[in-house]
Amino acid sequence: MSTSTNVALIIGSLRKASINRKFAEFIVSQLPDNVTATEVHIADLPLYNQDYDDQTIDSYDRVRKQIKDADAVLIVTPEHNRTMPAALKNVIDIASRPYKQSVWEGKKVAVVTASPGTYGGRASGLDVRKSMQMLSAQMMIRPEVYLGHATDSLDDEGNVSDRTQKFLQKFVNEFVIFAGNTSA
Ligand SMILES: Cc1cc2nc3c(=O)[nH]c(=O)nc-3n(C[C@H](O)[C@H](O)[C@H](O)COP(=O)(O)O)c2cc1C
């Protein structure tokens, strides 16, 4: 069993002041030393087009390799119009192709959503789970984390409230076991 765990982090929001990025940063800060998280940057990815399957696109190769090499993928994302943001769906599609070369197959994936709204981006998280099921990824089932009224859990400096820290710590504990367990 490997002693270090490599996590690929995907943040579904492209905006600088993203609240999802703040929660992702908190989660990453709580990972033990033997778990390393590296962000998969998605802002520069051209919109997926199947015509590109027989072309070399450096940014596509980069994200496919990052996801392929990761022991687990952590997605932290908002909800856009009751589904996942287009930029997140784009990287999921890119990494699922060319046909029969998907890097999602068997991949361990966890999702966290956050929204200022009541429902916490839950529909987005469920849609990520739906795509991952189709792609034969291993989704982390629980705890499910959909942070509602999430701006109330952040102060002006972006620090996460004690209450939400405690809640997220339970997720972190389970995620570390999930990501590092070679037989999961
Ligand atoms: C195009 C768009 C659609 C949105 N749709 C939803 C939605 O369906 N549900 C929701 O809870 N919030 C929705 N929001 C509000 C986002 O939750 C809010 O902007 C949040 O801060 C985005 O996360 P971020 O700060 O990480 O970018 C939407 C925002 C945008 C820009």
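Predicted model, so just to flag it, every value in this text is computed and none were measured.

J.: Which parts of the structure should I look at to understand the packing of helix 2 (residues 58–69) against helix 3 (residues 86–95)?
T.: Two quantities define a packed helix pair, namely the angle between the axes and the distance from one axis to the other. The interhelical angle for the contact between helix 2 and helix 3, taken along N-to-C directions, is 80°, at an axis separation of 9 Å. Classified by the interaxial angle, the pair formed by helix 2 and helix 3 is roughly perpendicular. Where helix 2 approaches helix 3, its residues Tyr 60, Val 63, Arg 64 and Ile 67 are matched on the opposing element by Val 91, Ile 94 and Ala 95. Counted by class, the contact of helix 2 with helix 3 contains 6 nonpolar, no polar and 1 charged residues.

J.: It is not clear to me how the confidence of the model for the chain should be interpreted in this structure. Could you clarify?
T.: In regions of low pLDDT, the predicted coordinates are not meant to be interpreted in detail. Summing up the model confidence of the chain, the mean pLDDT is 96 and the portion of residues at 70 or higher is 97%. Confidence, read as mean pLDDT per element, is least for helix 5 (residues 162–180) in the chain (97) and greatest for strand 3 (residues 72–77) (99).

J.: Honestly, helix 2 in this entry has me stumped. Any pointers?
T.: Since the α-helix packs 3.6 residues into each turn, any two residues three or four apart lie on the same face. Its 12 residues give helix 2 an end-to-end C-alpha distance of 16 Å, which sits within 8% of 16 Å, the value for a rise of 1.5 Å per residue. Those residues of helix 2 not exposed but buried are Val 63, Arg 64, Gln 66 and Ile 67. Looking down the long axis of helix 2, one finds its buried residues gathered within 160° of arc, a one-sided arrangement. Set apart from the buried face of helix 2 by more than 90 degrees, the exposed residues are Asp 58, Asp 61 and Asp 69.

J.: Could you clarify how one ought to interpret the environment of Gly 180 in this entry?
T.: With respect to the element layout, Gly 180 can be found in helix 5. For Gly 180, a count of 21 C-beta atoms within 10 Å puts it in the buried group. For the pair Gly 180 and Thr 5, spaced 175 residues apart in sequence, the C-alpha to C-alpha distance is 5.8 Å. With near-sequence residues (within four places) excluded, Gly 180 lies in contact with Thr 5 and Val 35.

Calculation notes
Residues numbered from 1 in each chain as written. Predicted model: local features only at pLDDT ≥ 70, side-chain atom pairs only at ≥ 80, totals over all residues. Axes fitted to C-alpha atoms, helices over the stretch in contact; angles between N-to-C directions. Helix = DSSP H or I, 4+ residues; strand = E, 2+ residues; numbered from the N terminus. Parallel < 35°, antiparallel > 145°, perpendicular 65-115°, else oblique. Contact = placed C-beta atoms within 7 Å. Nonpolar A, V, L, I, M, F, W, Y, C, P; charged D, E, K, R; others polar. pLDDT = per-residue confidence, 0-100. Expected span 1.5 Å × (residues − 1). Buried ≥ 20, exposed ≤ 12 C-beta atoms within 10 Å, placed from the backbone. Arc of directions from axis to C-beta.

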